[in-house]
Number of protein chains: 2
Amino acid sequence: MPDPSAALEPLADRKRRLVRQRIIEASDELFAARGFDNVSVSDIAARADVGRTTFFRYFGDKQEVVFAQEQQMLDAIAEVAQQEVFPVAQTAIEAVEQLRPIVVGLCERATADLDAYARHRRLLEQHLELRGREALKIQQIGVILGEILRDRGTDEATAVFASQVALACYQTGQRRAKTPASLADETRAAFDQAARLGQRSTPTARV
Amino acid sequence: MPDPSAALEPLADRKRRLVRQRIIEASDELFAARGFDNVSVSDIAARADVGRTTFFRYFGDKQEVVFAQEQQMLDAIAEVAQQEVFPVAQTAIEAVEQLRPIVVGLCERATADLDAYARHRRLLEQHLELRGREALKIQQIGVILGEILRDRGTDEATAVFASQVALACYQTGQRRAKTPASLADETRAAFDQAARLGQRSTPTARV
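Residues numbered from 1 in each chain as written. Chains lettered and ligands numbered in written order. Predicted model: local features only at pLDDT ≥ 70, side-chain atom pairs only at ≥ 80, totals over all residues. Heavy atoms only, no water.

With an unreviewed UniProt entry as reference, chain A is termed TetR/AcrR family transcriptional regulator, source organism Pseudoclavibacter endophyticus.

Written out as structure tokens, the structure is:
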């Protein structure tokens, strides 16, 4: 018997989601085929079979499309994280540990499609302006991580510090990962290292 | 008696330095008076009494002028840090501690002229693209910090992690500082907190 409480996605929402997806896929294909600089919003709109006006209802500019998947992941993670019940972190490291599964989860999702992830990185490497956007996006992740902690009752000063340490672990993972497939593991290793940071007696060399 | 070993700055270097400084000052004045978007490279060149070609010999674009002071500071700090002799950091926290005076020094220099610093921050707040550039500049600081550690014999993995933690302390300082005057102190406090991070028995709440 069908579950009457399992609501169907409203048609308008479904339509919006599909149009958005079509724009993202059209952009991906065109950027890969012609290079980011040689693709205009009009090209993307034509390929996605929508008007320019529709494009701008979904995205501010073509740079924004490049980070669309990241933004969706962030929104989803913020939503889930805010619904879960957690004890208030009493120390900075407890706060960092509360962020660990969220950040590692982000890494896992980002690299779930290894080809798409590699394509994305190549695009960023070729474009200074996109790397600037990415750097801002990472700072935005920091803001969201801080908000999650504050929503769970962590004080402001600890939330700011812990969210920045969590970002440092993510950035360390990015830089140490030799292939996209090891991003999540390297990020996990950096969190382990952060958890041992103040223990001066034990060498914190990587294990 | 004059010291014969104290070499005078060669005339060509001195001229370059002064032209560079004139371009920076002209940009600062024009950005403050008319807003970043309403100032062209030609405007800056005219105000600095140089040609457009000369401008582009010194800076890639007008965004780059905004971060000229930061870049000079970075170059100077990297040079000094590489000349000093340090023992090899054996643990991640030792590496972080080696970076502390460099990062706090950067904060002190950046806020030495409080008005100029406040003007700079206002400009960034108004422009997404400049914030993107700033975010990249901060990542570049991370790269330089990592290089300093590697030059001192620290292994690659520790250098990457420690430089990211040092950046996290800087970012924490930026976010906690209520006024530019407290940036260096807040950054110092974040380094203190990082040094206590793994000590689970002691609450790491801010002192």
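Having seen the model, we can carry on.
When the terminal C-alpha atoms of helix α10 (residues 183-195) of chain B are compared, their 19 Å separation across 13 residues agrees well with the 18 Å that a helix rising 1.5 Å per residue should span. Where α10(B) is buried, its residues meet α6 (92-110) and α9 (156-176) of chain A together with α6 (92-110), α7 (114-126) and α9 (156-176) of chain B. (Helix = DSSP H or I, 4+ residues; strand = E, 2+ residues; numbered from the N terminus. Expected span 1.5 Å × (residues − 1). Contact = heavy atoms within 4.5 Å.)

All right, on to a positive patch on the surface then. A surface patch of like charges, here positive, comprises K15(A), R16(A), R22(A) and R57(A). Ranked by the residues each element gives to the positive patch, the list is headed by helix α1 (residues 11-34) of chain A, at three residues. (Patch = residues over 30% accessible without salt bridge, like charges linked within 9 Å, V, L, I, M, F, W, Y side chains within 5 Å. Areas by Shrake-Rupley, 256 points an atom, 1.4 Å probe, with all protein chains shown as cover. Salt bridge = Lys/Arg side-chain N within 4 Å of Asp/Glu carboxyl O. Lys, Arg positive; Asp, Glu negative; His and termini not counted. Charge placed at Lys NZ, Arg CZ, Asp CG, Glu CD.)

Every contact between the two is made by 36 residues of chain A and, on the other side, 36 residues of chain B. The tally of links from chain A across to chain B stands at zero salt bridges. Our count for the chain A to chain B interface comes out at two residue pairs in polar contact (both at pLDDT 80 or more). Among the secondary structure elements, those contributing two or more residues to the side of chain A that touches chain B are α6, α8 (128-151), α9 and α10 (183-195) of chain A. In terms of residues, the side of chain A that touches chain B owes the most to one element, α9(A), which gives 11 residues. Broken down by class, the residue content of the side of chain A that touches chain B amounts to 16 nonpolar, 12 polar and eight charged. (Polar contact = N/O pair within 3.5 Å; in protein donor to acceptor, adjacent residues only side chain to side chain. Nonpolar A, V, L, I, M, F, W, Y, C, P; charged D, E, K, R; others polar.)

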